[in-house]
Amino acid sequence: MSAEVHVAVVGASGAVGDRMIQLLEQRAFPLKSVKFLASERSAGKTIRFRGEECPITPITESAFRGVQIVLSSTPGPISKEWSPIAARAGAVVVDNSSAFRMDPDVPLVVPEVNPHHIARHKGIIANPNCSTIQMVVALKPLHDAARVKRVIVSTYQSVSGAGMKGIHELETQSAATVRGEAIPVPEKFPHPIIGNCLPQIDDFLPSGYTKEEMKMVHETRKIMGDDTIDVSPTCVRVPVPFCHSESISVEFERAISVEEARSLLANAPGVTLVDDPAHKKYPLATDAVGRDDVFVGRIRQDLSNPRVLLFWCVSDNLRKGAATNAVQIAEELIKQNLIRS
Ligand SMILES: NC(=O)c1ccc[n+]([C@@H]2O[C@H](COP(=O)([O-])OP(=O)(O)OC[C@H]3O[C@@H](n4cnc5c(N)ncnc54)[C@H](OP(=O)(O)O)[C@@H]3O)[C@@H](O)[C@H]2O)c1
């Protein structure tokens, strides 16, 4: 990467925005300039970046003038309004919200899986849902070798998947529990998250699935470029601050041994294999936090079907599940010379 670029981080005061800013510092990203945008609520606050206090300013049309790459992580309706405005101003927007993910004109990209889709962009590239990203990074090398037919996945999703308010809700409920006080009325989650696993993330659809679950179905097919892959998801919120864990069962076209799967995953980009059950070594949220990889372990064959493998998969939802994936896309845009000069 050589050319330096003008970047705007939109949603800079949020949980994902915070990690994007950390990554721009940590990865020696080739920045010519950076601006930090959020809502009116954050106006006047500052962000410390490369030793300087930088102001957060509200999103306006003029804020995008001269910006080449926008890293956006705002709620869907805000992205829907502002990402096209930023794109019309000449920037390429990497958008973390769900607003554009299933738009046929918008590439939905995980760089380890479908980097070739980046070049199709028309100004906006969508970052997939956090639960989907870690699953497809783990599935890709297995799919290339033995073709995935069906995935049954149960997620154990951290509260930071619901942003700053989700983190705050677990903190306040934990503090009340420790003090022996009544748990405050939940605002972000439908029930108390402390002491519970909630089998509901986002709203229910008439089918009985939630919107979060259907994201895993549709996004997996779009990213993998294979509409025949069946996904049966159950998405669960758990009282864990950071990192999503997933129990995944995969049916392949042919039998695949545990040894072959281990070897494929050990050599796959973005995957770290942690699979030594005899020494109690398997992926843990507390080990994955702040890391960029997808961690896979507990690989085992189904007891009745040699074409089915089961494994455990953990990744930091704010890093690879959001910010890291977006920054990797931005780095690819620069490498492939896909931004305006
Ligand atoms: N959290 C995850 O693990 C994760 C993973 C993948 C994708 N995503 C997606 O990323 C997006 C951000 O998630 P998050 O977890 O970072 O949420 P968050 O912590 O709630 O942050 C939201 C950000 O959006 C800004 N914002 C809200 N309303 C705005 C408005 N009216 N105008 C301008 N800016 C506004 C907020 O600014 P203020 O602070 O000024 O209100 C804040 O910077 C969402 O679309 C989410 O679905 C999140």
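Bear in mind that the values here come from a model prediction, so they are computed numbers and not experimental data.

Undergrad: Sorry, what's going on with the site of the ligand here?
TA: As a matter of local geometry, the ligand sits amid 29 residues, with Gly-14, Ser-39, Ser-42, Ser-97 and Gly-163 nearest to it. For the shell around the ligand, the secondary structure elements donating two or more residues are helix H1 (15-26), helix H2 (76-88), helix H4 (163-179) and helix H8 (319-335). Taken together, the residues of the shell around the ligand break down into 11 nonpolar, 16 polar and two charged. Both domains that furnish three or more residues to the shell around the ligand are identified here as domain 1 (5-128 + 322-335) and domain 2 (132-316).

Undergrad: Looking at this structure, how should I read the packing of helix H3 (residues 130-146) against H8?
TA: Relative placement of two packed helices is described by the angle separating their axes and the distance separating the axes. Between H3 and H8, whose axes approach to 8 Å, the crossing angle comes to 85°. With respect to their mutual orientation, H3 and H8 come out roughly perpendicular. Side by side, H3 and H8 meet where Cys-130, Ile-133 and Gln-134 of the first sit next to Lys-320, Gly-321, Ala-322 and Asn-325 of the second. For the contact of H3 with H8, the residue count by class is three nonpolar, three polar and one charged.

Undergrad: Looking at this structure, how should I read the domain arrangement of the chain?
TA: How big an interface is tends to be stated in terms of accessible area lost as the parts join. By the assigned domains, the chain splits into domain 1 (5-128 + 322-335) and domain 2 (132-316). Between domain 1 and domain 2, the contact holds 13 residues from the first and 19 residues from the second. When the residues that make up the side of domain 1 that touches domain 2 are grouped by side-chain class, the tally is six nonpolar, five polar and two charged.

Undergrad: I keep staring at the nonpolar core and nothing clicks. Help me out?
TA: Core analysis: the largest hydrophobic core is formed by 93 residues, its most contacted members being Val-9, Met-20, Val-70 and Leu-71. A total of nine residues in this core trace back to one element, the largest contributor, which is H3. Of the residues that make up this core, three or more belong to each of domain 1 (5-128 + 322-335) and domain 2 (132-316). Beyond its immediate sequence surroundings of up to four residues, Val-70 is in contact with Ala-8, Val-10, Phe-64, Ala-86, Ala-91, Val-93 and Val-94.

Undergrad: How should I be thinking about the environment of Ala-99 in this particular structure?
TA: The topology assignment puts Ala-99 in the loop between strand S6 (92-95) and strand S7 (124-126). Given 23 C-beta atoms within 10 Å, Ala-99 falls into the buried group. Distance from Ala-99 to Val-238, taken between C-alpha atoms, is 25 Å for residues 139 residues apart in sequence. Setting aside chain neighbours within four positions, we find Ala-99 in contact with Gly-76, Ser-79 and Lys-80.

Undergrad: Would you take a moment to explain the sheet that holds strand S12 (residues 294-301) for this structure?
TA: Each strand in a sheet pairs with another by means of backbone hydrogen bonds, the pair being arranged parallel or else antiparallel. Strand order across the open sheet formed by six strands is S9-S8-S10-S13-S12-S11, with mixed pairing between neighbours. Two strands close off the open sheet at either side, each with one partner strand: strand S9 (230-237) and strand S11 (271-273). Within the sheet, the average angular offset between the axes of one strand and its neighbour, ignoring direction, is 25°. Looking at chain direction, strand S8 (residues 148-157) and S9 are connected through eight bridges and run parallel. Pairing of Val-151 across the sheet is with Val-231, part of S9. Running over the sheet, H3 touches S8, S9, strand S10 (244-252), S11, S12 and strand S13 (308-315) and is turned about 30° from S10.

Undergrad: How should I be thinking about H8 in this particular structure?
TA: Count 3.6 residues to each turn of an α-helix, and residues three or four apart come out pointing the same way. The end-to-end C-alpha distance of H8, which contains 17 residues, comes to just 21 Å, noticeably less than the 24 Å that a straight helix rising 1.5 Å per residue would cover. Counting buried residues in H8 gives 13 out of 17 residues, a clear majority hidden from the surface. A positive backbone phi angle near 55° is found at Asn-337, which sits one or two residues after H8.

Undergrad: So what exactly am I meant to see when it comes to the sheet that holds S6 here?
TA: In space, the seven strands of this open sheet follow the order S3-S4-S2-S1-S5-S6-S7, with mixed pairing throughout. Looking at which strands have only one partner, the edges of the open sheet turn out to be strand S3 (46-49) and S7. When strand polarity is set aside, the average angle formed by the axes of neighbouring strands in this sheet is 25°. Alignment of strand S5 (residues 69-72) against S6, held across four bridges, turns out to be parallel. Following the sheet pairing, Val-70 is matched in S6 by Val-93. Taken strand by strand, H2 contacts strand S1 (5-10), S5, S6 and S7, and its axis lies near 155° from that of S6. Strands S1, S5, S6 and S7 of the sheet are contacted by H8, whose axis makes an angle of about 170° with S5.

Undergrad: I'm lost on the environment of Val-70 in this one. Help?
TA: Looking at where Val-70 falls in the secondary structure, it is placed in strand S5. Between the alpha carbons of Val-70 and Asn-337 there is a distance of 15 Å; along the sequence they are 267 residues apart.

Undergrad: Sorry, what's going on with the packing of H3 against helix H5 (residues 211-224) here?
TA: Where H3 contacts H5, the two axes come as close as 10 Å, and the packing angle between them is 45°. Taken together, the axes of H3 and H5 are oblique relative to one another. At the point where H3 passes H5, the crossing takes the right-handed sense. Contacts between H3 and H5 involve Ser-131, Thr-132, Met-135, Val-136 and His-143 from the first element and Lys-215, Met-216, Glu-219, Thr-220, Ile-223 and Met-224 from the second. Per-class residue counts for the contact of H3 with H5 are five nonpolar, four polar and two charged.

Conventions used here
Residues numbered from 1 in each chain as written. Predicted model: local features only at pLDDT ≥ 70, side-chain atom pairs only at ≥ 80, totals over all residues. Near = placed C-beta within 6 Å. Helix = DSSP H or I, 4+ residues; strand = E, 2+ residues; numbered from the N terminus. Nonpolar A, V, L, I, M, F, W, Y, C, P; charged D, E, K, R; others polar. Domains from an automatic or database assignment. Axes fitted to C-alpha atoms, helices over the stretch in contact; angles between N-to-C directions. Parallel < 35°, antiparallel > 145°, perpendicular 65-115°, else oblique. Contact = placed C-beta atoms within 7 Å. Core = buried A, V, L, I, M, F, W, Y, C linked by C-beta atoms within 7 Å. Buried ≥ 20, exposed ≤ 12 C-beta atoms within 10 Å, placed from the backbone. Pairing = 2+ DSSP bridges. Expected span 1.5 Å × (residues − 1). Left-handed = near helix turned anticlockwise from the far one by under 90°.

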